[in-house]
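These are the residues of each chain, in order.
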Amino acid sequence: MTRLEKTIFIFCILKASIFSAPEEAFVELGMKGQKNEFYRVLIDDETEEIYVGVGEFLDFTKIENVRFDRKRRRIKGMLDREKEIDVRIPENISIDLEDDIFVKLKDLQEYFYIKDYQWDDERYVLTLFPEFKTPRDYSLELNNQRTRLAMAKKEQELEEEGDYISEKKSLLAPGMLKFIYSNSDIEENDYSFDLNYGTELLYGEFEVTQKIYPESDLDYIRLRYSEVLGEYYLSIGDFYLESDSIFDAERNLRGISFSKNEYYGTRVNNRTIIEGDVQNANLVELYRNGNLDDFELLTQNRFRFDPLNISSSDNYTIKIYYRDGRVEVKDIFVIGNQNILNKGENDFVIQGGRGISEKNEQYLGKYKYGLTENITTSIGTSFLENRDGIKYDVLEGGVAYKFGLDKYPTLVSGTILEEFNSESLGFKGILEQKLPWDSNLIVRYEEYNKEIAERLKKDYSYNVDLSKSFRKFSSSVGYFNNSYEDENLYQIYLNLDYNISKNLRMSLSNEYYEFSSTNEITSNGYGSQIKLNYNGIRGISTILEGKVNYEENKIVDDEIKLSLVKSTAEEGFFRNVDTAFEVGHSREKGTFFEMRFTYIFDNNIYIEFPDIRTDNKRTTVGGRVEKTIYLGNPLLAINNNSVTDGWVEGKVFVDENANGVMDEDEDIYVGAEVVSSGGSSTVKEDGRYVVGNIPGRELHTVNVNRETIDPMLVQGKEIIKFKGATSSKVNVDIPLVPVSMISGVIESEIEVEERRYNGVISNLDIILKNGKDEVRRTTAEIDGYYFFEDILPGDYTVEIVTNSKRYSGEFDRKTLSVKVKSGREGDYYEDNNFLVKSVEIVEDEIVEDETVEVVIEKVEEGLNEKVS
């Protein structure tokens, strides 16, 4: 043996004895929700480095658009819709086994855009954090969207097909009667007593409030029919007149109204007046462009807001908090705003009645029609009278036209108003222009006839408003001018909004005005207002507001106040509690303070105490108590507070034959909790439940709390919908159906190598179908075991779907049938097994003449390893 041969022989012995090769190990691999609890890697005990197989990794990720050519040692393709990979793996830094190439974890990071990883060497858990979106990410997004759409479609189909429970409407029902005792000053015993009654009358919803003491007066009355011609309401009784603000006719009327607008606002100069009636509520919040702007604690049933218009394109909604814990959101229709109807679409309003306060008769009718997709015409007439006896007999006609670019459209509208008692015409015009950089330009112009001009002291007025939004910031700057004969008033305003966070917003409003006569300035002034609005969790709203106004450089008005309100919630520990607090100071009021605390008792008793107010240097303490009963059964325990709400009741039973009907030999289920939109109820010994606070006309769901029943029982129908009744019940019986379990094992032939078998079952979906519909989908565990729980009686098919690109398995069958029988109890259907007969490895091939974009070579590092 030569000296060189001896040297090589000794070096090989030393290397084999001192340095050992990485050994095979099995770890738990996780990445963005994917997990394989029996994943093969190589671990070097000496250096503690981990080697990951490229082919196995691609199979784990299920990336479809990446190919791995093991022979050419090349990886190429798209990791996701943005990141591309094209890599050659150097031989000197990898370990080749029979069917895969293993690379170091740090090299895997570099190849596959993996920004970080975590390795738990005690539990052998490896977690990867990639920068690319995995197929699972895309699948979850799609599945979530499909689930939402499927659920919405299913509920819509139930509504369209009438697959919901409802009670027939009646000419007259017993109805609900509420007794109301209110005392605004307990020390002076300043109390009142009222009655509130609601029922179903002549197939409509009827409600009346009668003051009893200290004076007798009909406070409110209305018979309303909903779902008349789609979205329209027919109201007989009290309503608000949808009249233009230039006519000072009384708006609170008693008569007939046919309209789809429940609540609306009118523009007066740079403000929007929003007012309306709402029964059985204690709080109304005003939202501007989706953010809290103001709120009002109700002492009567009426509310009013007059917010500054930060922008002429502001949108308003109100959120109504009812005393029973319900919350309702309503859009505000602002009279005078432009809107384009679709071609052939109609909109109208017909109203007529007598003013509740001034007793003057008012009549109004308007009609809009979508002539084309871009042109809407309107016509209307009104016969109005103000408190001074001045009558307005008006005929109006208008047109709105949209044109220009799709991205930057222009919308113009004009309305001509002719008074029969006047020789001149009135005109109102609006131009809206969408501009680049999220900006809007709005120009409004109004010209009045002689009689209205004399009353309003306006010949004409115009407003130019430019607004812009940028991320969390929005602003508007505007100019308003009002001219009458030789007098002129103009205003300049600057308004800013900043959304500090999701629930916190700051608003700043500034305005300057100047009044002149015969070209001489007679007065001027300016003012500022700042608001900090918080609308957070658990129904808590807070507004910190400060304002100051100057005339001739002297303060004429200032105020600072802090308002906080916590509304009743539909669930949770504070469900029955609501409280309000307001403290402030102003020149006019001095220091003022108000606090209100409310608790709703379960037995249908509403108590509001204490209601503390400080005004005119005097503090008063008041309270309010309400009790509602059902006249058909005064002892019925329902938690209704609104007299027009109904309730849902019924039985919960074990449906042994799964026919949806309670048969004579089937038993009720005592103790189950039933949940609906109005609250929850526990099934009593008589087998019945009762849940109140169910608004009429709307569709609701009712279901059983799964945690309160046997785990081998489920609700017989996934979605049970019913339509609420006015001041009466809806009977809904809920069947509970025994459920079963289907299980099995994905087995393998003895000849199949365990590693290849693991590769197959780790990328296998097992699907349970009922007919063509997919019921459940699952994956197998490490040993091939799979199962489906909570399976209702029926005929099912179990199907296996392979997702592995790397391993191609041959099975004894791909589907099998299982019949789940009905009965008093569920059953276990086991041994629904599949057999893996053989597994082959599928090799990718990348043509060599394809362009190589990235080649990673680590020769120096490889040489260093060889030397060691």
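These lines cover the structure that appears in this document, whether it is placed above or below.

**Overview of the overall build of the protein chain**
So, point 1. Of the regular secondary structure elements, the protein chain holds seven helices and 60 strands.
So, point 2. Buried positions account for 45% of the 868 residues belonging to the protein chain.
So, point 3. Looking at the protein chain alone, contacts between residues at least 24 apart form 53% of all its contacts between residues at least 6 apart.
So, point 4. For the protein chain, the computed accessible surface area is about 45200 Å², with 51% contributed by carbon and sulfur atoms.

**Side note on the environment of threonine 372**
So, point 1. Tracing the backbone shows threonine 372 in the loop between strand 26 (361-370) and strand 27 (375-385).
So, point 2. Reaching out from threonine 372, the side chain makes a polar contact with the backbone nitrogen of isoleucine 375 at a distance of 3.0 Å.

**Remarks on empty space enclosed by the protein**
So, point 1. This structure, assessed with the given rule, holds six cavities of 30 Å³ or more.
So, point 2. Of the voids in this model, the largest cavity is the one considered here, and its volume is about 600 Å³.
So, point 3. Within the residue set of the lining of the largest cavity, elements represented by two or more residues are strand 13 (204-213), strand 14 (217-228), strand 15 (232-240), strand 16 (252-259), strand 18 (271-277) and strand 23 (327-331).
So, point 4. In terms of residue count, strand 15 provides more of the lining of the largest cavity than any other element does, five residues in total.
So, point 5. Across the lining of the largest cavity, the residue classes break down as nine nonpolar, 11 polar and 15 charged.
So, point 6. Each pocket or cavity is described by its volume, and for the second largest cavity that value is around 150 Å³.
So, point 7. If you trace the second largest cavity, you find it lined by Gly55, Leu58, Asp59, Lys62, Ile63, Val66, Phe68, Lys805, Arg806, Val842, Glu843 and Asp844.
So, point 8. Counting only elements with at least two residues in the lining of the second largest cavity, the list comes to helix 2 (54-61) and strand 4 (66-69).
So, point 9. It is helix 2 that provides the largest number of residues to the lining of the second largest cavity, a total of three residues.

**Side note on the pattern of salt bridges**
So, point 1. All chains considered together, the criterion is met by 35 salt bridges.
So, point 2. Where aspartate 238 meets arginine 254, a salt bridge forms, and the shortest distance between an N and an O atom there is 2.6 Å. Here aspartate 238, found in strand 15, pairs with arginine 254, found in strand 16; they are 16 residues apart in sequence, far enough to count as distant.
So, point 3. The class of arginine 254 is partly exposed, set by a relative accessible area of 28%.
So, point 4. The residue arginine 387 makes a salt bridge to glutamate 358 at a minimum N-O spacing of 3.5 Å.

**So, the sheet that holds strand 56 (residues 794-802)**
So, point 1. The antiparallel open sheet is built from four strands, whose spatial order is 54-53-56-58. Edge positions in the sheet fall to strand 54 (773-779) and strand 58 (815-820), since each of these pairs with one other strand and no more. Going from strand to strand, the sheet's axes swing by 25 degrees on average, the running direction of each strand aside.
So, point 2. Both strand 56 and strand 58 contribute to a ladder of six bridges, which runs antiparallel. Opposite threonine 797, over in strand 58, you have serine 817 as the bridge partner.

**Section: the packing of aromatic side chains**
So, point 1. Summed over all chains, the structure comprises 19 aromatic pairs.
So, point 2. Ring geometry for tyrosine 526 and tyrosine 550: centres 4.9 Å apart, planes at 20 degrees, overall stacked. Taken together, the positions of tyrosine 526 in strand 36 (residues 520-535) and tyrosine 550 in strand 37 (residues 540-551) put the pair 24 residues apart, joining distant regions of the chain.
So, point 3. A relative accessible area of 35% means that tyrosine 526 is categorised as partly exposed.

**Quick look at helix 6 (residues 754-761)**
So, point 1. Most of helix 6 is tucked away, with seven of its eight residues classed as buried.
So, point 2. Within the sequence span of helix 6, burial applies to Arg755, Arg756, Tyr757, Asn758, Gly759, Val760 and Ile761.
So, point 3. In the core, the buried residues of helix 6 are packed alongside strand 2 (34-43), helix 2, strand 52 (740-748), strand 53 (764-770), strand 57 (807-811) and strand 60 (834-841).

**Brief notes about the sheet that holds strand 22 (residues 316-322)**
So, point 1. Taken in spatial order, the four strands of this open sheet run 20-19-22-23, and their pairing is antiparallel. The open sheet has two free edges, formed respectively by strand 20 (291-297) and strand 23, since each of these has just one partner strand. On average, each strand axis in the sheet is tilted by 25 degrees relative to the strand beside it, whichever way the strands run.
So, point 2. Both strand 22 and strand 23 contribute to a ladder of five bridges, which runs antiparallel. Among the inter-strand pairings, threonine 317 is bridged to a residue of strand 23, identified as aspartate 331.

**What about the pairing of strand 5 (residues 74-78)?**
On any regular strand, side chains alternate: one points to one face of the sheet, the next to the other face.
So, point 1. Judged by how many residues are buried, strand 5 sits mostly within the fold: four of five residues are covered.
So, point 2. As paired elements, strand 4 and strand 5 share four bridges and run antiparallel to each other. When the bridges of strand 5 are listed, phenylalanine 68 appears paired with isoleucine 75.
So, point 3. Where strand 4 folds back on strand 5, the antiparallel hairpin that results is connected by four residues, among which arginine 73 adopts a positive phi of roughly 55 degrees.
So, point 4. Of the strand pairs in this sheet, strand 5 and strand 6 (residues 84-88) are connected by five bridges, and their pairing is antiparallel. Within strand 6, the position partnered with lysine 76 by the bridge is aspartate 86.
So, point 5. Linkage of strand 5 to strand 6, two consecutive antiparallel strands, is achieved through a turn of five residues.

**With respect to the side chain of asparagine 386**
So, point 1. On the secondary structure map, asparagine 386 appears in the loop between strand 27 and strand 28 (391-404).
So, point 2. Once residues lying within four places of it in the same chain are set aside, the contact partners of asparagine 386 are Asp248, Ala249, Glu358, Asn360, Tyr392 and Arg455.

**Some words on the environment of asparagine 481**
So, point 1. Structurally, the position occupied by asparagine 481 is in strand 33 (residues 473-484).
So, point 2. Polar side-chain contacts of asparagine 481 include one of 3.0 Å to the side chain of serine 483.

**A look at a negative patch on the surface**
So, point 1. A surface patch of negative charge is lined by Glu747, Glu749, Glu751, Asp812, Asp827, Glu830 and Asp831.
So, point 2. Structurally, aspartate 831 is set in the loop between strand 59 (828-829) and strand 60.

**Quick look at the pairing of strand 19 (residues 281-288)**
So, point 1. Burial analysis of strand 19 places eight of its eight residues in the buried class, the great majority of the element.
So, point 2. Sheet analysis places strand 19 next to strand 22, joined by seven bridges and oriented antiparallel. Within the sheet, the bridge partner assigned to leucine 286 lies in strand 22 and is isoleucine 318.
So, point 3. When strand 19 meets strand 20, the two strands line up antiparallel, connected through six bridges. Considered in strand 20, the bridge of glutamate 285 is made with phenylalanine 295.
So, point 4. Taking the residues that link successive antiparallel strands as the turn, the strand 19-strand 20 hairpin has two residues, and the phi of asparagine 289 there is positive, at about 55 degrees.

**Regarding the side chain of glutamate 656**
So, point 1. Along the chain, glutamate 656 falls in the loop between strand 43 (646-654) and strand 44 (673-676).
So, point 2. With residues up to four places along the chain from it excluded, the contact list for glutamate 656 reads Asp665, Glu666, Ser822, Gly823 and Arg824.

**Looking at helix 2**
So, point 1. With respect to burial, helix 2 is a largely interior element, eight of its eight residues being buried.
So, point 2. Considered for burial, the residues of helix 2 that qualify are Val54, Gly55, Glu56, Phe57, Leu58, Asp59, Phe60 and Thr61.
So, point 3. In the stretch just after helix 2, lysine 62 is the one whose phi turns positive, near 65 degrees.

**Description of the environment of leucine 177**
So, point 1. Summarising the element assignment, leucine 177 is placed in strand 11 (residues 176-185).
So, point 2. By relative accessible area, leucine 177 is classed as buried at 17%.
So, point 3. Taking C-alpha positions, leucine 177 is 9.5 Å from proline 634, a pair spaced 457 residues apart along the chain.
So, point 4. Beyond its immediate stretch of four places on either side in the chain, leucine 177 contacts Leu195, Asn196, Tyr197, Lys627, Thr628, Ile629, Leu631 and Val643.

**Let's talk about unusual backbone geometry**
So, point 1. Cis geometry is found at the peptide bond from tyrosine 213 to proline 214, where omega equals 10 degrees.
So, point 2. On the secondary structure map, proline 214 appears in the loop between strand 13 and strand 14.
So, point 3. Look at tyrosine 113: it is not a glycine, yet its phi comes out positive at around 55 degrees.
So, point 4. As for its placement among the helices and strands, tyrosine 113 is situated in the loop between helix 3 (105-111) and strand 9 (114-120).
So, point 5. A relative accessible area of 33% places tyrosine 113 in the partly exposed class.
So, point 6. For leucine 202, which is not a glycine, the phi torsion comes out positive at approximately 55 degrees.
So, point 7. Its location among the elements puts leucine 202 in the loop between strand 12 (190-201) and strand 13.

Criteria and cut-off values
- Residues numbered from 1 in each chain as written.
- Predicted model: local features only at pLDDT ≥ 70, side-chain atom pairs only at ≥ 80, totals over all residues.
- Heavy atoms only, no water.
- Helix = DSSP H or I, 4+ residues; strand = E, 2+ residues; numbered from the N terminus.
- Buried < 20%, exposed > 50% of the residue type's maximum accessible area, 1.4 Å probe, protein only.
- Contact = heavy atoms within 4.5 Å.
- Areas by Shrake-Rupley, 256 points an atom, 1.4 Å probe, with all protein chains shown as cover.
- Polar contact = N/O pair within 3.5 Å; in protein donor to acceptor, adjacent residues only side chain to side chain.
- 1 Å grid on protein atoms, 1.4 Å probe; cavity = no way out; pocket = protein on both sides within 12 Å on 5 of 7 lines; lining within 4 Å.
- Points joined across faces, edges and corners; volume = space filled by probe spheres on them.
- Nonpolar A, V, L, I, M, F, W, Y, C, P; charged D, E, K, R; others polar.
- Salt bridge = Lys/Arg side-chain N within 4 Å of Asp/Glu carboxyl O.
- Pairing = 2+ DSSP bridges.
- Axes fitted to C-alpha atoms, helices over the stretch in contact; angles between N-to-C directions.
- Phe/Tyr/Trp six-rings, centres within 6.5 Å; stacked < 30°, edge-to-face > 60°.
- Patch = residues over 30% accessible without salt bridge, like charges linked within 9 Å, V, L, I, M, F, W, Y side chains within 5 Å.
- Lys, Arg positive; Asp, Glu negative; His and termini not counted.
- Charge placed at Lys NZ, Arg CZ, Asp CG, Glu CD.

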